[in-house]
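Coordinate analysis (summary)
Each chain, written out:
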Amino acid sequence: ALPMHLVARVAPLSSKLVLVLVDDRTRERRVEAIRRDFVANVSHELKTPIGAMNLLAEAVAEAKDDPGAVERFAGRIQIESERLNRLVQQIIELSRLQADELVDEPVDVDIAELVDSAIERSRTDAEAKQISLRGRTDGDLHVLGEPDQILAAVSNLVENAVAYSPEGSRVAVVAAAKDSRVQITVTDRGIGIPQAEIERIFERFYRVDPARARTTGGTGLGLSIVKHVAASHGGEVKVWSEPGQGSSFSICLPRHETASESEAYVGNET
Ligand code: ADP
């Protein structure tokens, strides 16, 4: 008898020879378990804001003679629906990444433009907390890939940096060449992450402090998207963090030499 995870197929080749093929199903089973987990988590995560909106709608109906209360409840319904919207968007993004559907042909991505766009996306949130949000790109840096995905990844890091930083602090985004790679680093002086949790923050739906993440509108999916995008572009993510001091997240991606740069290089050689 074979262990459960091994599946054997037997094919007689001749009267003396038998071919036995043994398949290891361990990986398949693990993938299946992860998928089941994901579906269970998704259902739970979707039910939370839907349930909240339901209760708030009832509260609005009951408070109809109290305009102040109606306004408050309506505001909270809006927050919950924004959260739901964000969650659905991230789930779609993540399943697309997991299906390895690089639908679009990789194109040249200008890192300076990308850093600017990522910062632009968080500008309002940063201003609301009087956080100084600055970006810098050292040199003419390019990578090859899906611009939307890379922007989503860098934006997630910037959003987190702003979300987990106190009012009036600073967030810096710096892109620089490192060996044959481009490293984009987002540094904050926020709450930081305990050492024991760092391994887990890239897991889907994982939050260090759910109560706190809740008030920042976090979904727990941002970093798993970042990790997937880096991996599917042949790169990686690095983290440094110290509770109470701040955090620094880097995405490293293979550098793409643009035509003009390679020509310049050849020119220098001759
Ligand atoms: P979320 O949507 O909750 O931010 P993420 O996957 O982006 O989800 O991050 C997972 C968890 O990692 C967060 O809930 C938070 O606890 C922690 N985290 C991520 N970025 C930072 C940061 N810059 N500073 C402190 N904690 C962070």
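Higher on the page you've got the structure.
The structure reproduced in this document is the subject of the present report.

So, how was this worked out
- Residues numbered from 1 in each chain as written.
- Predicted model: local features only at pLDDT ≥ 70, side-chain atom pairs only at ≥ 80, totals over all residues.
- Heavy atoms only, no water.
- Near = heavy atom within 4 Å.
- Polar contact = N/O pair within 3.5 Å; in protein donor to acceptor, adjacent residues only side chain to side chain.
- Helix = DSSP H or I, 4+ residues; strand = E, 2+ residues; numbered from the N terminus.
- Nonpolar A, V, L, I, M, F, W, Y, C, P; charged D, E, K, R; others polar.
- Salt bridge = Lys/Arg side-chain N within 4 Å of Asp/Glu carboxyl O.
- Buried < 20%, exposed > 50% of the residue type's maximum accessible area, 1.4 Å probe, protein only.
- Axes fitted to C-alpha atoms, helices over the stretch in contact; angles between N-to-C directions.
- Left-handed = near helix turned anticlockwise from the far one by under 90°.
- Contact = heavy atoms within 4.5 Å.
- Core = buried A, V, L, I, M, F, W, Y, C linked by side-chain atoms within 4.5 Å.

Neighbouring residues of the ligand: 20 residues in total, closest N160, Y164, D188, T219 and L223. At 2.8 Å, a side-chain N or O of D188 approaches a nitrogen atom of the ligand. When contributions to the shell around the ligand are tallied by element, the ones reaching two or more residues are α4 (147–163), α7 (222–232) and β9 (246–254). When its residues are assigned to classes, the shell around the ligand shows 11 nonpolar, 7 polar and 2 charged.

Scanning all chains against the criterion turns up 7 salt bridges. A salt bridge links E45 to R83; the nearest nitrogen and oxygen atoms lie 3.9 Å apart. Note that E45 is positioned in helix α1 (residues 26–62) and R83 in helix α2 (residues 67–98), a separation of 38 residues in sequence. Look at E45 and you get buried, because its relative accessible area is 9%. Using a relative accessible area of 6% as the deciding quantity, one classes R83 as buried. Between D138 and R136 there is a salt bridge, and its shortest N-O distance comes to 3.0 Å. Note on D138: relative accessible area 35%, which makes it partly exposed.

A few words on the packing of α4 against α7. Across the interface, α4 lies against α7 with an axial gap of 9 Å and an inter-helix angle of 145 degrees. In the packing of α4 onto α7, the handedness of the crossing is left-handed. Side by side, α4 and α7 meet where Q149, I150, A153, N156, L157 and N160 of the first sit next to G222, L223, I225, V226, V229 and S232 of the second. Each residue belonging to the contact of α4 with α7 can be placed in one class, and the counts come to 7 nonpolar, 5 polar and no charged.

Grouped together as the largest cluster of nonpolar side chains are 47 residues, with contacts concentrated most on I111, L114, I150, V154, I184 and I251. Contributing elements (two or more residues each) for this core: α1, α2, α3 (111–128), α4, β6 (170–178), β7 (181–188), α7 and β9. The element that contributes the greatest number of residues to this core is α4, accounting for 8 residues. In this structure, I150 is in contact with V109, L114, V143, G145, V229, H233 and L253, ignoring residues within four places of it in sequence. Residues A59, A63, A69 and F73 belong to the second largest nonpolar core, which totals 5 residues.

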